[in-house]
Amino acid sequence: DRGSVQNLPKSYDVEYLMPVSLGTPAQQLNLDLDTGSSDFWVFSTLLKESMINGQTLYDPNTSTTSDKMEGYTWKITYGDESYSSGDVYIDTVTIGDLTVSTQAVEAAKVVSEEFTADSDNDGLVGLGFGIINTVQPYKQKTFFEKAMPGLDSPVFTADLKAGAPGRYNFGYIDDDAYLGNITYVPVDSSDGFWRWVSPGFQVGSTGSFNSTRIHGIADTGTTLLLLPDGVCEAFYSQIASAEYEPSQGGYTFECDDSTVPDFYFGTDNGQMIRIPGSYMSYSKTDTSSQRCFGGMQSDSGVGFTIWGDVALKAAFVVFDQGNEQLGWAEK
Ligand SMILES: Cc1ccc(-c2noc([C@H]3C[C@@H](O)CN3)n2)cc1F
């Protein structure tokens, strides 16, 4: 079996949404595929009106295939302190023609104001590893873990693009979606994330390669690229107008600064992925100013590096759960 679904970036590529069908008859919601968490949760009719702001709601009561998991609950908090919680139903879920008939669908009863404010986002499909699913009394499998046994290959791939529709594929690798070879690196899933080690980085096409092991996770749900302080300093030192602005919460530079270099990160045996300098001017710091917030910021608040969308959209990425490895290719 296999599946393929288009993903659409929101403005500034802050997040990528994909259509998902739940229940019978099908209820279509736009969900955020997040490899940095492992709960499949949706806005639902269980929510108070005050927490809803244009989102499409999953209604388990009108689905003829839903079954409530009595006594089961969930509660999750994300990296930015946003949170959600609720009850659990079993129902059929289809993503890109791939159907899981008994998916644990976590129906929200409470969401934090960040989710309420994000009117296009109807929920998350967590595709980390199931050991960090928050459902009590017994944790539930992710959509991919439920689908995996029936797939042609135990992989899903992420092809995120800058300001354009991309694609998530399940169960196969589309050889027309990337250039050259895919380089695989081992994954340590013990903390539920797609954690891997990069051998180093390079600033600019003529810069030298810095061999320094960077431990981090591949996270489609994080917008930016969060790297160790030393790496950020090496990068921003090459940009004439760059400075660290505590008032803005990070590095900024003049949006039209022509000295913004490309950034390369190593994967394995000499392969590097090139992130174009243009991906690094994330968003205007405020309407009047001509300064942009950098797409690369420090990971010091997190404790490990996060290869978020700014990095992932420069590559074709294979999440190989069957062999616990990540594949990286240029595109
Ligand atoms: C409003 C809102 C807030 C957070 C997130 C969110 N989704 O994935 C993540 C990252 C951080 C880490 O927690 C796991 N992956 N964060 C999405 C939202 F729509």
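Here, every reference points to the structure presented above.
Source: prediction; values computed, not measured. (Residues numbered from 1 in each chain as written. Predicted model: local features only at pLDDT ≥ 70, side-chain atom pairs only at ≥ 80, totals over all residues. Heavy atoms only, no water.)

Student: I keep staring at the site of the ligand and nothing clicks. Help me out?
Tutor: Inspection of the region around the ligand gives 16 residues, with Asp 34, Gly 79, Asp 80, Asn 121 and Asp 219 positioned closest. Taking Asp 219, its side chain carries an N or O atom lying 2.8 Å from a nitrogen atom of the ligand. Between the ligand and the protein, one listed contact pairs an oxygen atom with a backbone N or O atom of Gly 221 at 3.2 Å. Notes on the ligand: free accessible area 430 Å², of which the protein chains cover 86%. Taken atom by atom, the bulk of the ligand overlaps the largest pocket. Elements represented by at least two residues in the shell around the ligand include exactly strand S3 (27–34) and helix H1 (113–117). Of the residues that constitute the shell around the ligand, the class distribution is three nonpolar, six polar and seven charged. (Near = heavy atom within 4 Å. Polar contact = N/O pair within 3.5 Å; in protein donor to acceptor, adjacent residues only side chain to side chain. Areas by Shrake-Rupley, 256 points an atom, 1.4 Å probe, with all protein chains shown as cover. 1 Å grid on protein atoms, 1.4 Å probe; cavity = no way out; pocket = protein on both sides within 12 Å on 5 of 7 lines; lining within 4 Å. Sits in = over half its atoms within 2 Å of the grid points. Helix = DSSP H or I, 4+ residues; strand = E, 2+ residues; numbered from the N terminus. Nonpolar A, V, L, I, M, F, W, Y, C, P; charged D, E, K, R; others polar.)

Student: Which parts of the structure should I look at to understand empty space enclosed by the protein?
Tutor: Over the atoms rolls a probe the size of a water molecule, and its path tells where empty space is left. This model, assessed by the stated rule, comprises one cavity of 30 Å³ or more. Approximately 40 Å³ is the volume found for the largest cavity. For the largest cavity, the full set of lining residues is Ser 38, Asp 39, Phe 40, Gln 103, Ala 104, Glu 106, Gly 126, Asn 133, Gln 140, Lys 141, Thr 142 and Phe 143. Residues belonging to the lining of the largest cavity are distributed by class as follows: three nonpolar, six polar and three charged. (Points joined across faces, edges and corners; volume = space filled by probe spheres on them.)

Student: So what exactly am I meant to see when it comes to the sheet that holds strand S20 (residues 291–294) here?
Tutor: Backbone-to-backbone hydrogen bonds pair the strands of a sheet. The strands run either parallel or antiparallel. Reading across the sheet, the four strands line up as S15-S16-S20-S19 and stay open at both edges, with antiparallel pairing between neighbours. Every other strand in the sheet has two partners, leaving strand S15 (243–245) and strand S19 (281–284) as the edge strands with one partner each. With direction set aside, neighbouring strand axes in the sheet form an average angle of 45°. One ladder, built from three bridges, connects S15 with strand S16 (residues 250–254); its direction is antiparallel. Counterpart to Tyr 244 in the pairing with S16 is Tyr 251. Its contacts with the sheet put helix H3 (residues 229–236) on S16 and S20, and the angle it makes with S16 is roughly 10°. (Pairing = 2+ DSSP bridges. Axes fitted to C-alpha atoms, helices over the stretch in contact; angles between N-to-C directions. Contact = heavy atoms within 4.5 Å.)

Student: When you look at H3 in this model, what are you seeing that I'm missing?
Tutor: Helical geometry note: an α-helix holds 3.6 residues per turn, so side chains three or four residues apart project in the same direction. For H3, the full list of buried residues reads Val 231, Cys 232, Phe 235 and Tyr 236. Around the axis of H3, the buried residues are gathered within 120° of arc, so they sit on the same side. (Buried < 20%, exposed > 50% of the residue type's maximum accessible area, 1.4 Å probe, protein only. Arc of directions from axis to C-beta.)

Student: I tried to follow the state of the cysteines on my own but got confused; where do I start?
Tutor: Disulfides are covalent bonds that link the sulfur atoms of two cysteine residues. Taken as a whole, this structure holds one disulfide when the rule is applied. Each sulfur in the disulfide pair Cys 255 and Cys 292 lies 2.1 Å from the other. Across the disulfide from Cys 255 to Cys 292, rotation about the S-S bond amounts to roughly 105°, and the bridge is consequently right-handed. With a gap of 37 residues between them, Cys 255 in the loop between S16 and strand S17 (263–266) and Cys 292 in strand S20 connect regions that are remote in the sequence. (Disulfide = S-S within 2.5 Å.)

Student: What is the right way to read the nonpolar core from this model?
Tutor: Nonpolar side chains in soluble globular proteins tend to end up buried together. Counting 72 residues, the largest nonpolar core has Phe 40, Phe 143, Phe 170, Phe 263, Ile 275, Leu 326 and Trp 328 as the members making the most contacts within it. With sequence-adjacent residues up to four places away left out, Ile 275 is seen in contact with Leu 225, Asp 262, Phe 263, Phe 265, Met 280, Val 310, Ala 311 and Ala 314. Within the second largest apolar cluster, 17 residues are counted, among which are Trp 41, Ile 52, Met 69 and Ile 76. (Core = buried A, V, L, I, M, F, W, Y, C linked by side-chain atoms within 4.5 Å.)

Student: Explanation requested: the pattern of salt bridges in the structure shown.
Tutor: This structure, assessed with the given rule, holds 15 salt bridges. Close ionic contact of Asp 152 with Arg 2 constitutes a salt bridge, the shortest N to O distance being 2.9 Å. Within this pair, whereas Asp 152 is found in the loop between helix H2 (143–147) and strand S9 (155–161), its partner Arg 2 is found in the segment before strand S1 (3–9), the two being separated by 150 residues in sequence. Owing to a relative accessible area of 48%, Asp 152 belongs among the partly exposed residues under this scheme. With a relative accessible area of 42%, Arg 2 lands in the partly exposed category. (Salt bridge = Lys/Arg side-chain N within 4 Å of Asp/Glu carboxyl O.)

Student: I tried to follow the sheet that holds strand S14 (residues 225–227) on my own but got confused; where do I start?
Tutor: Spatially, seven strands are ordered S18-S17-S12-S13-S22-S14-S21 in an open sheet, and the strand pairing comes out mixed. The open sheet terminates on both sides in strands that have one partner only, identified here as strand S18 (272–275) and strand S21 (296–298). For this sheet, the mean inter-axis angle between neighbouring strands, taken without regard to orientation, is 40°. As defined by bridge partners, S17 adjoins S18 across four bridges and the pair is classed as antiparallel. The residue bridging Gly 266 from the neighbouring strand is Met 272, located in S18. Of the strands in this sheet, strand S12 (195–203), strand S13 (209–218), S14, S17 and S21 are in contact with H3, which crosses S21 at around 140°.

Student: Would you mind showing me how to read the packing of aromatic side chains here?
Tutor: Think of a pair of aromatic rings as described by two things: how far the centres are apart, and how the planes are tilted against each other in angle. If you walk through the whole model with that rule in mind, you get 26 aromatic pairs. An angle of 50° between the planes, with centres 6.4 Å apart, marks the rings of Tyr 72 and Tyr 138 as tilted. In this pair, Tyr 72 sits in strand S5 (residues 67–77) while Tyr 138 sits in the loop between strand S8 (123–126) and H2, placing the two residues 66 residues apart along the sequence. A relative accessible area of 55% places Tyr 138 in the exposed class. Relative to Trp 194, the ring of Phe 156 has its centre 5.9 Å away and its plane inclined at 90°; by these criteria the two rings are edge-to-face. Taken together, the residues span a long stretch of sequence, with Phe 156 in strand S9 and Trp 194 in the loop between strand S11 (183–186) and S12 at a distance of 38 residues. Three or more aromatic residues joined by ring pairs form one cluster here, namely Phe 129, Phe 143, Phe 144, Phe 156, Phe 170, Trp 194 and Phe 319. (Phe/Tyr/Trp six-rings, centres within 6.5 Å; stacked < 30°, edge-to-face > 60°.)

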